[in-house]
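Coordinate inspection notes
As a plain string of letters, each chain reads:
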Amino acid sequence: MNNETILKVDHITKRFSGLVAVNDLSLLMKKRTIHALIGPNGSGKTTTVNQITGAFPPTEGEIYYKGTCTTHMQPYQIARLGISRTFQNLKLFTSLSVLENLMVGGHQMTKMGILNFLINPVKAKQEEAQLLERAEEVLEYIGLKDLRDTNVKNLPYGKQKMTEFGRALMMKPELLILDEPAAGLNPTERKAFVDIILKTFDTGIDIFLIEHNMDVVMNICTDITVLNFGAKIAEGSPYDIQNNDEVIKAYLGDKYKPIMAVKKEVL
Amino acid sequence: MTGQIILQLIVSGLALGFIYALVAIEYTLIFNSTGLLNFSHDKFIMFGAYIFAAQFLLNMGVSPAIGIIATLATMFIFGVLVATGIFNPLRNMASPLFAVIGTVFLGRILTEITRLIWGATPFTVPGFLKGVVRIGNVVITKANITVIIVSAIIVVLLQIFFNKTKTGKAMRCVQQNKTAATLMGINVAKNINFTIALSAVICAAIGIMVIPLFTVDLTIANMIGLKGFAAGVVGGFGYLPGAIVGGIAIGILENLSTLVIPTLYKDCIAFVLLIAILLIKPSGLLGHKK
Amino acid sequence: MRKSLKGAGILLLLVILVVVPIVDKNTYHHIVLCQTLVNIVVVTGLNFITGLTGQMNMGTAGIMAMGAYSAALCSTKFNFPIIVGFIVAILMGLIVGKGLGYPSLRLKGVYLSLTTIGFSEITRLVLTNWVDLTGGTMGVQNIPWINLFGNKLDTSFKIYYFYLVIAILVTIASYRIIHSKWGRVFKAIKDNVEAVDASGVDIAKMKILAFTLATVLGCFGGAMYAHMMGYINPTTFTQDLSANYLAMMMIGGIGTVGGSVLGAIVITILPEVLRFMENYYWLVFSTIALLFAIFLPNGIVSLFTGNKLLKRFGRTEKSFKGEE
């Protein structure tokens, strides 16, 4: 593995008692790319992401992050290596405010032990203030400063998604994995989300995403991997993918190419 | 001679093991269908034993056969009532904590009601399933034989019920996915009521069967309730065949343990096994993954 | 406005707690009041694992028994100074917390309830049967009074004020933890485990920490109990006791310090108030607790904060998501 590769998925297969969800999938994600994983429903995209982030190990095969084998690590260990993620169906802390949600995302950066905390209130305050500062920075960044003390369950869907995105940023990841960031958003929200993804990429964070919205994928991604029935059917640049016959047949549909060309200008 | 003792221990362990297995089945049924642990299940068993022994046999003097049927029927109705009034409301709460506390206090209320109706004095039922049978050199009490046979029958009946009848299949649907079950036209609340009633009936059966084994008092089922919980985990949590294997394993092992440790501490075996299984093989002896 | 009201409430409660034993000179009432303070300490601990983190601890009785017997045996059988007994009780809390937490909290599910309930029963069994060490059903007698800098606290009245100070310190520490990064993570674990995991937090470690806080305070409370009563035996530490602590936590209000304190006060004193019902008082008490679970699940504090029904009906959406 060379220095240009941040993530390497090496021949992974995942079986759920007989059902093969991911079949002998290999992919390389290069540094400084926005890499998309696309494919029809049930093609194993989320299963792949769950294996990369450690929710469950692959049945066969290995996964490497910057040369470290993460195949059998726990999710929290993988997160500590610098991989942060969002979820397809929002997973927020519904009894906490926006600010508190973000602060949980930054928890693992704090170092103080509980005994020290009880004995040394001054230092405890300092640490909390640091975490708070970071959270407010992120709040500002994602544009939810006005809603910092609102309980997340009272937010509209788009803002909830943004909160989750912010929580993932809290720990200053090097690789950000987004599971369908644009799903369920209206066009305005989607545009804002695309903007912030690009902005985040420019700050030096590499991005791996699953997405169904082709406008988003074709416009922001540099590399695309296409799955169908758990197996890779194509990979390459957006241009390659749009002109790949098998992808068009399995996923994009015959009529997609011309529509694509028009929509590109709209966005 | 030692071989004979071991055989003896295994047989009586098997009987107790079946009891634990039934306890594990009875709480697994409720857990699978509602996601709640019924912490009052030992009180259900105690209640069943009192209804049968104190009310029907001693107070009313009916024959055991009629008493058994009447007890099972009473407990079925009781099950439907607590399901409607307590389990279904608790199931829908924001946190499972309320349900736990709710069932714990339901258990207490049952104990208090039992104490107020039938008194707190321990008693035995003379003549009910007493006596022994000799098979070769092994002496087996009638009570133990009854427990083994009846438990086996209950297990088989449950299997048939879940696999062959419409109600049984619907119950399995509800266990797996309540939303989908609702969409398929299954009345989930009613289904859960039935599951809990079924569980209450099994509790009553356990209660009746343990009468000849122990003295009947308010705490008659505390230990078997606890060991039943352990049995479920040892065999494989939430999995009925696991419950049976776990129960029998605990019953036999704790009896055999008396050969090496003081009898007073044999009740610890179930708990030690529970911890050991959690450390070594959390999916249980049968290794079933849910 | 709201904040000052809260401040006034706390002040009022403090004044009541200080004044009552002076006005009411009944010794039995003093014992009940001391018991209340012990319960505040124990419930505050239980709140971490069960209230905040959402993991059922059903073994508070066993945990308290470990603390009570450690302290009692240290000062009677081994003639150590009382402070050593308290330290041993705290160590015992650490051991129980890690020892029970490690097997049961690494796994998802209801295992903690089962192991703690088992632990509690086994503890009682061993305490009853290991007669040489524990005195069996006779229990441990003549546990010495606490000696504080040469002042012997030899009445419940004197102990009460010492324990009041301890209870206040514990409450403050617990308030600080709840409103710190730990409190936040505990609540987050209750809300959504996967997301906490994905944020790089070692969930098992956090849950074991929350449980250890509960066991340390539980054992400490047990030691306080032993030195206050002067006599302990295994029949105190039954499942009923564990259930009472859960009831205190819930009836006061889950997850808050105020709830734990109010719950401890109400549930310790309510049975005394209900005693006039004689044979029926325990039945009435249990029924009240059950009705609370169904109709006022957010406890007494929710009467003041006004969101009593919110949570109760918040489930529908969640249950659909959870069963995908």
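Quick look at the structure, then. (Residues numbered from 1 in each chain as written. Chains lettered and ligands numbered in written order. Predicted model: local features only at pLDDT ≥ 70, side-chain atom pairs only at ≥ 80, totals over all residues. Heavy atoms only, no water.)

Comments concerning the sheet that holds strand 7 (residues 175–179) of chain A
All names here are of chain A. Note the cut-off: Here the rule is simple: two strands pair whenever DSSP picks up at least two bridges between them. Numbering of helices and strands starts at the N terminus; helices are DSSP runs of H or I of at least 4 residues and strands are runs of E of at least 2. Where helices are involved, their axes are fitted lines through C-alpha atoms of the stretch in contact, as for all axes, and angles between N-to-C directions lie from 0 to 180°. Note on contacts: a residue pair is in contact if any heavy atoms of the two residues lie within 4.5 Å.
Spatial strand order, 6-7-8-3-9-10: six strands in an open sheet with mixed pairing. In the strand order of this sheet, the two ends are held by strand 6 (83–85) and strand 10 (231–236), each with one partner. Adjacent strand axes in the sheet meet at a mean angle of 20 degrees when their direction is disregarded. Direction of pairing for strand 3 (residues 34–38) relative to strand 9 (residues 223–228): parallel, over a ladder of four bridges. Among the inter-strand pairings, Leu-37 is bridged to a residue of strand 9, identified as Thr-225. On the sheet, helix 6 (residues 157–170) packs against strand 6 and strand 7 and is oriented at approximately 160 degrees with respect to strand 7. Its contacts with the sheet put helix 7 (residues 187–202) on strand 3, strand 7 and strand 8 (206–210), and the angle it makes with strand 8 is roughly 145 degrees.

Re the interface of chain B and chain C
When the parts come together, some accessible area is lost, and that loss is often what is quoted as the size of the interface. As a reminder, the rule being used: By definition, the buried area sums, over both parts, the 1.4 Å-probe accessible area that each loses when the two are put together. Just to be clear on terms, a salt bridge is a Lys or Arg side-chain nitrogen sitting within 4 Å of an Asp or Glu carboxyl oxygen. Any N or O atom pair separated by 3.5 Å or less is treated as a polar contact, with the protein-specific requirement of one donor-capable and one acceptor-capable atom, and with residues adjacent in sequence counted only for side-chain atom pairs. Charged means Asp, Glu, Lys or Arg here, nonpolar means Ala, Val, Leu, Ile, Met, Phe, Trp, Tyr, Cys or Pro, and polar covers whatever is left, Gly included.
Contacts between the two partners involve 45 residues from chain B and, on the opposite side, 52 residues from chain C. Summed over both partners, the interface of chain B with chain C buries about 4300 Å², with 76% contributed by carbon and sulfur atoms. The interface formed by chain B and chain C includes one salt bridge. Between Arg-108 of chain B and Asp-240 of chain C there is a salt bridge, with its nearest N and O atoms 3.2 Å apart. Remark: the boundary between chain B and chain C carries four residue pairs in polar contact (both at pLDDT 80 or more). Elements supplying a minimum of two residues to the side of chain B that touches chain C: helix 1 (2–34), helix 3 (64–91), helix 4 (96–118), helix 7 (178–183), helix 9 (222–235) and helix 11 (268–280) of chain B. Per-element accounting of the side of chain B that touches chain C gives the leading share, 14 residues, to helix 4 of chain B. Counted by class, the side of chain B that touches chain C contains 33 nonpolar, six polar and six charged residues.

Concerning the interface of chain C and chain A
Taken together, the 25 residues of chain C in the interface contact 33 residues of chain A. Together, the buried faces of chain C and chain A total about 2600 Å²; carbon and sulfur atoms form 62% of this surface. Sorting the residues of chain C by area buried against chain A places Arg-176, Lys-181 and Arg-184 of chain C first, and these three jointly supply 25% of that buried surface. Counting across the chain C and chain A interface gives two salt bridges.

Considerations on the packing of aromatic side chains
Note the following rule: For this analysis, a ring pair means two rings from Phe, Tyr or Trp (six-membered ring only for Trp) whose centres lie within 6.5 Å, classed as stacked if their planes differ by under 30 degrees, edge-to-face if by over 60, and tilted for the remaining angles. Under the scheme applied here, a residue whose accessible area is under 20% of the maximum for its type counts as buried, over 50% as exposed, and between as partly exposed, the area being computed with a 1.4 Å probe on protein chains only. Ring-over charges, as used throughout, are those where CZ of Arg or NZ of Lys falls within 6 Å of the ring centre and within 35 degrees of the ring normal.
All chains considered together, the criterion is met by 25 aromatic pairs over all chains. Measuring from ring centre to ring centre gives 5.8 Å for Phe-237 of chain B and Tyr-111 of chain C, while their planes differ by 65 degrees; the resulting arrangement is edge-to-face. Here Phe-237 of chain B, found in the loop between helix 9 and helix 10 (240–257), pairs with Tyr-111 of chain C, found in helix 5 (residues 111–129), and the two come from separate chains. By relative accessible area, Phe-237 of chain B is classed as buried at 14%. A relative accessible area of 10% places Tyr-111 of chain C in the buried class. A network of ring pairs unites the aromatic residues Tyr-27, Phe-31, Phe-39, Phe-229 and Phe-237 of chain B together with Tyr-111 of chain C as a single cluster. We note Arg-167 of chain A situated over the ring of Phe-93 of chain A; from NZ or CZ to the ring centre the distance is 4.7 Å. A cation sits over an aromatic face here: Arg-106 of chain C above Tyr-102 of chain C, 4.6 Å from the ring centre.

A few points about the side chain of Thr-171 of chain C
Residues and elements named next belong to chain C. Checked against the element boundaries, Thr-171 lands in helix 7 (residues 156–178). A polar side-chain atom of Thr-171 sits 2.4 Å from the main-chain carbonyl oxygen of Ala-167. Dropping the residues within four chain positions of it, Thr-171 is found in contact with Ile-40, Val-257 and Val-261.

Such coordinate-based values are descriptive only and should not be taken to indicate function.
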